[in-house]
Amino acid sequence: MDFLPIKRALFSVTDKSGVIDLCAALARLQAELVSTGGTMGHLQQAGYPVTAVSEVTGFPEILGGRVKTLHPLIHAGILADKDNREHMDTLRRMDILPFDLVCVNLYDFAQALEQNKQDRDLIEEIDIGGPTLLRAAAKNYHSLVVLPEPGAYSEFLTELEKHQGAVSLDFRRRMAARTFALTSRYDQLITRALDNN
């Protein structure tokens, strides 16, 4: 689809910069906000109604937060091709709602390196769910938009205003490319850190 209206958004951000402005715009569109724990508390404190990821999945965050978004009810909503009737029929049959926006940024592994964290402490700063969400959303840019860092928010808000609550395919493709570049750099940083230990 050329222009995608934003009706449902998933948030899981380490860097909370600018996320409230983003939610204000989405609230005006009456979009549903779904979020993980820390981000959810931040959004609720700002007065926005938020659905917990665990409410969507029916499964609590476990293993100290290592497992929260790694669930079919989240990833099917991200990976479904909205132009594919079979995909959409499957979502309806399984009572899964699709996402239109995935706003995720990663654990700050670079900061962990600067703090000289070692071994198990350093390993805990390797994000797994974040890159998985970002890559899934970027792969499916025909059906949703991914925002991988706060630097993308203002351009998204401009796009949203320009297209009256929707985002163009060109913008979604650019955000997908930006996302794959970011996750690639993140993996390279982790690789160098582990090779040097």
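Residues numbered from 1 in each chain as written. Predicted model: local features only at pLDDT ≥ 70, side-chain atom pairs only at ≥ 80, totals over all residues. Heavy atoms only, no water.

1. As for the overall build of the protein chain
Worth spelling out the cut-off: Each helix is a run of H or I in the DSSP string that is no shorter than four residues. Each strand is a run of E no shorter than two, and both are numbered from the N terminus. We compute the radius of gyration over the C-alpha atoms and compare it with the globule rule, which gives 2.2 Å times the number of residues raised to the power 0.38. Relative accessibility under 20% of the residue-type maximum defines a buried residue, over 50% an exposed one, and the middle range a partly exposed one, all with a 1.4 Å probe and only protein chains included. Whether two residues touch is decided by their heavy atoms; if any such pair falls within 4.5 Å, the residues are in contact.
Scanning the protein chain for helices and strands turns up 10 helices and 7 strands. Radius of gyration (C-alpha) of the protein chain: 17 Å, near the 16 Å computed for a compact globule of 197 residues. Considering only C-alpha atoms, the protein chain reaches an extent of 50 × 35 × 35 Å along its principal axes. Here the protein chain holds 197 residues, and 45% of them are scored as buried. In the protein chain, once contacts between residues fewer than 6 apart in sequence are set aside, the share between residues at least 24 apart is 66%.

2. Considering the sheet that holds strand β2 (residues 8–12)
Convention followed: Any two strands between which DSSP finds at least two bridges are classified as paired. Axes, fitted as lines to C-alpha atoms, cover a helix only where it is in contact. Angles between the N-to-C directions of the axes lie from 0 to 180 degrees.
Strand order in the open sheet made by the 5 strands is β4-β3-β2-β5-β6, with parallel pairing throughout. Two strands bound the open sheet, and with one partner strand each, they are β4 (51–52) and β6 (145–147). Helix-sheet contacts for helix α8 (residues 129–139) involve β2, β5 (101–104) and β6, and the interaxial angle to β5 is about 150°.

3. Digging into helix α5 (residues 85–93)
Given 3.6 residues to a turn, an α-helix orients residues that are three or four positions apart in the same direction. As a reminder of what qualifies: What qualifies as a polar contact is a pair of N or O atoms within 3.5 Å, subject to a donor-acceptor requirement within protein and to the restriction that residues adjacent in sequence count only when both atoms come from side chains.
Two or three places before Glu86, at the opening of α5, Asn84 has a side-chain oxygen 2.9 Å from that residue's backbone nitrogen. Once α5 ends, the next one or two residues include Asp95, with phi positive near 60°.

4. Considerations on the confidence of the model for the protein chain
Counted only if it meets this: The predictor attaches a confidence to each residue, called pLDDT, with possible values from 0 through 100.
Residues with a pLDDT of 70 or more make up 95% of the protein chain, whose mean pLDDT is 89. In the model of the protein chain, helix α6 (residues 109–114) stands out as the element of lowest mean pLDDT, 68, in contrast to β6, which has the highest, 97.

5. Description of the packing of aromatic side chains
Put simply, the rule reads: In this scheme Phe, Tyr and Trp rings, the latter by its six-membered ring, pair at centre separations within 6.5 Å, and the angle between planes marks the pair as stacked below 30 degrees, edge-to-face above 60, and tilted otherwise. Put simply, a charge is over a ring when the Lys NZ or the Arg CZ is close to the ring centre, within 6 Å, and near the line of the ring normal, within 35 degrees.
Using the criterion set out here, one finds 1 aromatic pair in the structure. Judged by centre distance (6.4 Å) and plane angle (40°), the ring pair of Phe156 and Phe171 falls under tilted. Linking Phe156 in helix α9 (residues 153–162) with Phe171 in helix α10 (residues 169–195), this pair joins segments that are 15 residues apart in sequence. The buried category is assigned to Phe171, whose relative accessible area is 0%. Here the basic side chain of Arg8 rests over the ring of Phe99, its NZ or CZ set 4.2 Å away from the ring centre.

6. Some details on the pattern of salt bridges
Applicable threshold: The working definition used for a salt bridge is a side-chain nitrogen of Lys or Arg within 4 Å of a carboxyl oxygen of Asp or Glu.
Inspection of the entire model under this criterion finds 7 salt bridges. Asp89 serves as the salt-bridge partner of Arg92, at 2.5 Å between the closest nitrogen and oxygen. On the criterion of helical spacing, the pair formed by Arg92 and Asp89 is a turn pair, its members being 3 residues apart in helix α5. We classify Arg92 as exposed; its relative accessible area is 56%. Here Asp89 falls in the partly exposed class, since its relative accessible area comes to 33%. Between Asp170 and Arg174 there is a salt bridge, and its shortest N-O distance comes to 3.2 Å. Of this pair, Asp170 and Arg174 both sit in helix α10, 4 residues apart, roughly one helical turn. Arg174 gets classed as partly exposed once you look at its relative accessible area, which sits at 37%.

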